[in-house]
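Overview (structure and organization)
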Amino acid sequence: PHLAALVLARGGSKGIPLKNIKLLAGVPLIGWVLRAAIDAGVFHSIWVSTDHDEIEKVAKQFGAQVHRRSPEVSQDSSTSLEAIREFLNHHHEVDIVGNIQATSPCLHPSDLIKVADLIQKEGFDSVFSVVRRHQFRWSEVKKGENKMTEPQNLNPAKRYRRQDWPGELYENGSFYFAKRHLIEKGYLQGGKMAYYEMRAEHSVDIDIDIDWPIAEQRVLSFGYFGKEPLKKVKLLVCSIEGCLTNGRIYVTEDHKEMVSYDYRDIVGIDLLKKRGIQVRLISERDCSKTLSAMQLGCVAKVSATNKLQVLKDWQEDMGLSWKEVAYLGNEESDVECLKQAGMSGVPADACAAAQKAAGYICKSSGGCGAVREFAEHIFLLLEKVNSARKQ
């Protein structure tokens with residue numbers, strides 16, 4: 001049977017404009033679940049259903065196919081079931097739909113693999129995700145009602161200790177898998193049903209976690225970053241023009257060149273060095289005088305006609321694996337370096353090709369704090385590496 005992953009990503013959002021592609025820890029929100037779906041390796045096709053050009057562009061960058069949904073199922077009042085049924089009407093080859101919510105960025109491929117087995121090998125018609133919660137419920141008393149609240153799942157005289165109570169299962173909305181015949185009848189859950197219990201730390205819902213910085217911390221701690229395990233970064237290579245500087249060159253009347261840089265980026269470089277991370281700079285131009293004036297104390301390669309070869313030479317000389325190398329670039333000449341490095345980033349104003357190749361897109365533009373921001377991202381991922389080693 002053809003198992004298709006389907007992510008519904010409407011352009012309209014009452015809370016956060018274009019939330020589905022808003023950067024979360026440097027990755028578009030939808031990118032987190034698409035990465036998990038692709039790496040799971042269980043889907044015959046992976047789709048994003050959207051009505052918005054920018055969402056379509058991001059979906060294709062992450063390797064998904066796009067179904068352009070009609071205006072009829074793109075309204076605030078439209079249901080997920082309506083959008084899924086429209087998708088099936090246009091894709092008769094699909095037998096099973098795995099509807100994955102874009103707002104669940106801590107989804108892991110291992111979850112999707114196990115669910116695919118439930119529905120394909122064990123014969124379930126529908127499988128949905130749940131999370132275990134230890135919360136005591138009480139009946140609601142509306143204003144003006146002359147009655148008392150009542151306990152719903154506890155005896156107040158014998159309150160459970162958390163370790164003595166298994167808790168209850170709640171839908172977390174991360175995914176809903178269902179066979180075609182159920183969806184055509186108007187059900188996402190039905191027939192022979194099963195739930196899949198996700199780990200609590202992976203059950204992050206952006207619709208609920210309204211505070212974006214908190215959601216970013218959760219994703220950095222528990223999100224899925226790819227098949228290869230993270231390693232401690234030991235080298236950051238940074239493109240000078242457009243990353244360390246804003247790319248502008250000022251020429252005086254006596255033909256001297258001047259550039260500007262952000263002091264926050266210099267602090268970021270110093271912090272990286274203090275953490276034992278080497279910082280090296282690279283440029284296609286001969287900007288040796290500028291570097292000398294900045295007094296950064298970093299190894300640099302100027303007039304670099306082949307940035308990738310320079311990066312390879314440095315990596316080999318230092319005896320590093322690619323997972324231990326980070327790269328910050330912004331132009332097409334940086335694309336191959338961004339693809340090769342284990343950790344890659346670009347400023348917010350980088351060219352489209354560089355953004356597509358990068359693993360992290362800064363909120364800051366080049367020359368305006370992007371280096372410092374990328375340094376902070378590296379530090380957060382290092383915490384994740386250290387945490388994994390302790391476990």
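Per chain, residues are indexed from 1 in the order of the written sequence. In view of the model being predicted, local features appear only for residues whose pLDDT reaches at least 70, and side-chain atom pairs are presented and counted only at 80 or more, with totals across whole chains, interfaces and linings using the full set of residues. The side-chain numbers reported here are obtained from all heavy atoms of the structure, hydrogens and water having been left aside.

For the chain, an unreviewed UniProt entry supplies the name N-acylneuraminate cytidylyltransferase and the organism Tachuris rubrigastra. UniProt positions are given in the numbering used here, feature names are shortened, and annotations may be inferred rather than shown by experiment. Per its UniProt entry, the chain bears the Sequence similarities (unreviewed entry) comment "Belongs to the CMP-NeuNAc synthase family." Its UniProt record gives the chain the following Catalytic activity (unreviewed entry) comment, quoted word for word: "an N-acylneuraminate + CTP = a CMP-N-acyl-beta-neuraminate + diphosphate".

Quick notes on the overall build of the chain
To qualify as a helix, a DSSP run of H or I must reach at least 4 residues; to qualify as a strand, a run of E must reach at least 2; elements of each kind are numbered from the N terminus. Helix and strand counts for the chain come out as 13 helices and 17 strands. Projected onto its principal axes, the C-alpha coordinates of the chain cover approximately 85 × 55 × 45 Å. When the 391 residues of the chain are sorted by exposure, 50% land in the buried category. Residues count as neighbours in contact if any of their non-hydrogen atoms are within 4.5 Å of one another. Of the contacts made within the chain by residues no fewer than 6 positions apart, 65% connect residues no fewer than 24 positions apart. Split by element, the accessible area of the chain, about 19,700 Å² in all, is 48% carbon and sulfur. Burial classes follow relative accessibility: with a 1.4 Å probe on protein chains only, a residue under 20% of its type's maximum area counts as buried, one over 50% as exposed, and anything between as partly exposed. For accessible areas, the Shrake-Rupley method is used with a probe of radius 1.4 Å. Any residue's cover is judged against the shown protein chains and nothing else.

A short note on the domain arrangement of the chain
When the parts come together, some accessible area is lost, and that loss is often what is quoted as the size of the interface. For the domain bounds, the source is a domain assignment made automatically or taken from a database. Looking at the assigned domains, one finds that the chain contains domain 1 (3-222) and domain 2 (235-389). Here the C-alpha centre of domain 2 lies 37 Å away from the C-alpha centre of domain 1. Summing the contributions of domain 1 and of domain 2, the shared interface buries around 860 Å²; its carbon and sulfur component is 58%. Throughout this description, the term salt bridge denotes a Lys or Arg side-chain nitrogen within 4 Å of a carboxyl oxygen of Asp or Glu. Here domain 1 and domain 2 share one salt bridge between them. Lys 363 serves as the salt-bridge partner of Glu 216, at 3.4 Å between the closest nitrogen and oxygen. For the purposes of these results, a polar contact is taken to be a pair of N or O atoms within 3.5 Å, where, inside protein, one atom must be able to donate a hydrogen and its partner to accept one; residues adjacent in sequence count only when each atom of the pair is a side-chain atom. Where domain 1 packs against domain 2, one counts one residue pair in polar contact (both at pLDDT 80 or more). Residues were grouped as follows: Ala, Val, Leu, Ile, Met, Phe, Trp, Tyr, Cys and Pro as nonpolar; Asp, Glu, Lys and Arg as charged; and all remaining residues, including Gly, as polar. When its residues are assigned to classes, the side of domain 1 that touches domain 2 shows five nonpolar, four polar and one charged. Two parts lose some accessible area (1.4 Å probe) when they are put together, and adding that loss for both gives the buried area.

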